[in-house]
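The lines below spell out each chain.
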Amino acid sequence: MLFITVVIDGLCTKGCLKEALVLCERMRAKGVHPNIVTYNAVINGLCHEGCLVQAFRLFDSLKKINVLPSVATYSTLKDVVYREGLLQDANELYKRMVLKGLIPNTCVYNSLINGNCNDGLIEHALDLGIHMEESVQIPDAFTVSSMLGGYSVKGDMKAAIAFFGYMMTKLMTTFQIATTVWLLIRIDRKDTTE
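Let us look at the structure shown here. All values derive from a computational prediction rather than experimental measurement.

Definitions and limits used
- Residues numbered from 1 in each chain as written.
- Predicted model: local features only at pLDDT ≥ 70, side-chain atom pairs only at ≥ 80, totals over all residues.
- Heavy atoms only, no water.
- Helix = DSSP H or I, 4+ residues; strand = E, 2+ residues; numbered from the N terminus.
- Expected span 1.5 Å × (residues − 1).
- Buried < 20%, exposed > 50% of the residue type's maximum accessible area, 1.4 Å probe, protein only.
- Arc of directions from axis to C-beta.
- Contact = heavy atoms within 4.5 Å.
- Phe/Tyr/Trp six-rings, centres within 6.5 Å; stacked < 30°, edge-to-face > 60°.

**Brief notes about helix 2 (residues 17-29)**
Helical geometry note: an α-helix holds 3.6 residues per turn, so side chains three or four residues apart project in the same direction.
Okay, step 1: Helix length check: helix 2 (13 residues) gives 18 Å between terminal C-alpha atoms against 18 Å at 1.5 Å per residue, within 8%.
Okay, step 2: All of the buried residues along helix 2 are Leu17, Ala20, Cys24 and Met27. With its buried residues spanning 80° around the axis, helix 2 presents them on a single face. Along helix 2, exposed side chains directed more than 90 degrees from the buried face belong to Lys18, Arg26 and Ala29.
Okay, step 3: In this fold, the buried residues of helix 2 make contact with helix 1 (2-13) and helix 3 (36-48).
Okay, step 4: Immediately beyond the C-terminal end of helix 2, within one or two residues, lies Gly31, with a positive phi of roughly 85°.

Following this line, the structure appears as structure tokens:
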């Protein structure tokens, strides 16, 4: 099974989707049922070739064949709908994933937080951040940067500074906080002496 999945992934990566789909059909015809890793390769290939309708049809058909989508499945689809400018659809995929009991990873959260911040939906991004922490995913520099950018888009610098302070106390070690404060003081002194 692993070998066939690797071949299918390679075909999809090279844009040979027809061949990959034919190989999937041959597998099924011989009684070998592709697993979610195989289907993720095909869905990813379809998305990269711009075949979104086919990707979603395949995604929707997984339930009928008793294959459970994974975080990677949802992540792939979420990324492509977001790139197409369909943030609401990306948010809906996130909700479906959570309802299915899957725990989004930091990458999924960061993508959604960034998208919502870019669209000025700071409150929704903050809710995602809360869910992120509740699911024991650790916000990283990209998470913080996205939120600060979102506050900047809204022109709310007070909230940006408050959020930055909150995240620094939450994420940074004492040494990192001291180093950051030291750098900020040096930059401030440099600005006032020029």
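**With respect to the packing of aromatic side chains**
Okay, step 1: This model, assessed by the stated rule, comprises four aromatic pairs.
Okay, step 2: A ring pair is formed by Phe56 and Phe59, whose centres lie 6.3 Å apart and whose planes are at 80°; its orientation type is edge-to-face. Taken as a pair, Phe56 and Phe59 lie in helix 4 (residues 52-61) at a separation of three residues, close to a single helical turn.
Okay, step 3: Judged by its relative accessible area of 22%, Phe56 falls in the partly exposed class.
Okay, step 4: Plain terms: the ring middles of Phe59 and Tyr74 are 5.2 Å apart, the flat faces sit at 80° to each other, and that makes the pair edge-to-face. You can see Phe59 sitting in helix 4 and its partner Tyr74 sitting in helix 5 (residues 71-83), a full 15 residues away along the chain.
Okay, step 5: Here the aromatic residues Phe56, Phe59 and Tyr74 are joined through ring pairs into a cluster of three or more.

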